[in-house]
Amino acid sequence: AQSVTQLDSQVPVFEEAPVELRCNYSSSVSVYLFWYVQYPNQGLQLLLKYLSGSTLVKGINGFEAEFNKSQTSFHLRKPSVHISDTAEYFCAVRRAGGTSYGKLTFGQGTILTVHP
Amino acid sequence: EAGVAQSPRYKIIEKRQSVAFWCNPISGHATLYWYQQILGQGPKLLIQFQNNGVVDDSQLPKDRFSAERLKGVDSTLKIQPAKLEDSAVYLCASSPADKETQYFGPGTRLLVL
């Protein structure tokens, strides 16, 4: 089984400042990793994913994340945030392989609040 | 391309009543998921369908929850009878066969009084 720990439940930051949202995972098998964003009263939208290959992955809205296998981490970063980035962010993991392993295990979420 | 559709968006019921949620996935997506998201937590998978067959329902409380996807397209999730702890957002997601990315609908917010 897989598990995910998001180390910060809330992250306040000023507009145009950099931000890092931390995610650690646990698994005995190879995994795929994802970051989703959830705006109020909306579903989840995929920001980026790591399946294989380069450990630095770039996503939408200027976000990027780095897969670190030795640290079992997948931290999300953005060099300069905007007010519109205020939302809840979820890290998720699933077992690598076919769709039969499609179950996503999510972390508890990190609420990012960008202040003017 | 139309996204995942869910209805209703909001539902308030009394405990011990029954309720049903509907999901229409993105056209052509073979895999459909139902997740439960309790306030302050990440979503938790309830059931996964591949076409109209169940792949994983290990976390579905089968004494009160049921789900079906009869024609391999849209799906319904039912709760009967509802308990207070069922108050949550129920998210439906879909993905193409053998693809990793899941696309989520807006969710149905359920309040059980």
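Cut-offs used in this document
- Residues numbered from 1 in each chain as written.
- Chains lettered and ligands numbered in written order.
- Predicted model: local features only at pLDDT ≥ 70, side-chain atom pairs only at ≥ 80, totals over all residues.
- Heavy atoms only, no water.
- Helix = DSSP H or I, 4+ residues; strand = E, 2+ residues; numbered from the N terminus.
- Rg over C-alpha atoms; globule rule 2.2 N^0.38 Å.
- Buried < 20%, exposed > 50% of the residue type's maximum accessible area, 1.4 Å probe, protein only.
- Contact = heavy atoms within 4.5 Å.
- Lys, Arg positive; Asp, Glu negative; His and termini not counted.
- Charge placed at Lys NZ, Arg CZ, Asp CG, Glu CD.
- Pairing = 2+ DSSP bridges.
- Axes fitted to C-alpha atoms, helices over the stretch in contact; angles between N-to-C directions.
- Patch = residues over 30% accessible without salt bridge, like charges linked within 9 Å, V, L, I, M, F, W, Y side chains within 5 Å.
- Areas by Shrake-Rupley, 256 points an atom, 1.4 Å probe, with all protein chains shown as cover.
- Salt bridge = Lys/Arg side-chain N within 4 Å of Asp/Glu carboxyl O.
- Phe/Tyr/Trp six-rings, centres within 6.5 Å; stacked < 30°, edge-to-face > 60°.

Student: Hey, could you go over the overall build of chain B for me, with residue numbers and the actual values?
Tutor: Counting its secondary structure elements, chain B contains zero helices and eleven strands. Helices and strands in chain B line up, N terminus first, as β-β-β-β-β-β-β-β-β-β-β. Computed over C-alpha atoms, the radius of gyration of chain B comes to 13 Å, within 12% of the 13 Å expected from 2.2 N^0.38 for 113 residues, which places it in the range of a compact globule. Taking the principal axes of the C-alpha coordinates as reference, chain B spans close to 40 × 25 × 25 Å. Counting every position in chain B, which comprises 113 residues, the buried fraction comes to 46%. Sequence-distant contacts in chain B: of pairs separated by 6 or more residues, those separated by 24 or more amount to 52%. One finds the centroid of the 13 positive side-chain charges in chain B at a distance of 6 Å from the centroid of its 11 negative side-chain charges.

Student: Give a detailed account of the sheet that holds strand β7 (residues 65–68) of chain B, specifying residues and quantitative values.
Tutor: Residues and elements named next belong to chain B. Strand order in the open sheet formed by four strands is β1-β3-β8-β7, and the pairing between neighbours is antiparallel. Both outer strands of the open sheet, β1 (5–7) and β7, are each paired with one neighbouring strand and no more. Strand-to-strand, the axes of this sheet are offset by a mean angle of 15 degrees, without reference to chain direction. In this sheet, strand β8 (residues 75–79) lies alongside β7 in antiparallel orientation, the contact comprising four bridges. What sits directly across from Phe-65, in β8, is Ile-79.

Student: Can you explain a nonpolar patch on the surface? Please cite residues and give values.
Tutor: On the surface, a cluster of nonpolar side chains totalling about 290 Å² of accessible area is made up of Ile-12, Leu-111 and Leu-113 of chain B. Position of Ile-12 of chain B relative to the elements: it lies in strand β2 (residues 10–13).

Student: An account of the packing of aromatic side chains is needed here, citing residue identities and associated values.
Tutor: Within the structure shown, the criterion is met by 13 aromatic pairs over all chains. On the basis of an interplanar angle of 45 degrees and a centroid distance of 5.5 Å, the ring pair of Tyr-35 of chain B and Phe-104 of chain B is categorised as tilted. A residue pair is termed long-range when its members are at least 10 positions apart, and Tyr-35 of chain B in strand β4 (residues 31–37) and Phe-104 of chain B in strand β10 (residues 103–104) qualify at 69 residues. Among the aromatic side chains, those forming a connected cluster through ring pairs are Phe-34, Tyr-36, Phe-90 and Phe-106 of chain A together with Tyr-33, Tyr-35 and Phe-104 of chain B.

Student: Could you give an account of the pairing of strand β4 (residues 23–26) of chain A, with specific residues and numbers?
Tutor: Residues in a regular strand project their side chains so that they alternate between the two faces of the sheet. All names here are of chain A. A one-sided burial pattern is seen for β4, the buried positions being Cys-23 and Tyr-25 and the unburied ones Asn-24 and Ser-26. The sheet contact formed by strand β1 (residues 3–6) and β4 spans four bridges and is antiparallel. Bridging from a neighbouring strand, Gln-6 pairs with Cys-23 of β4.

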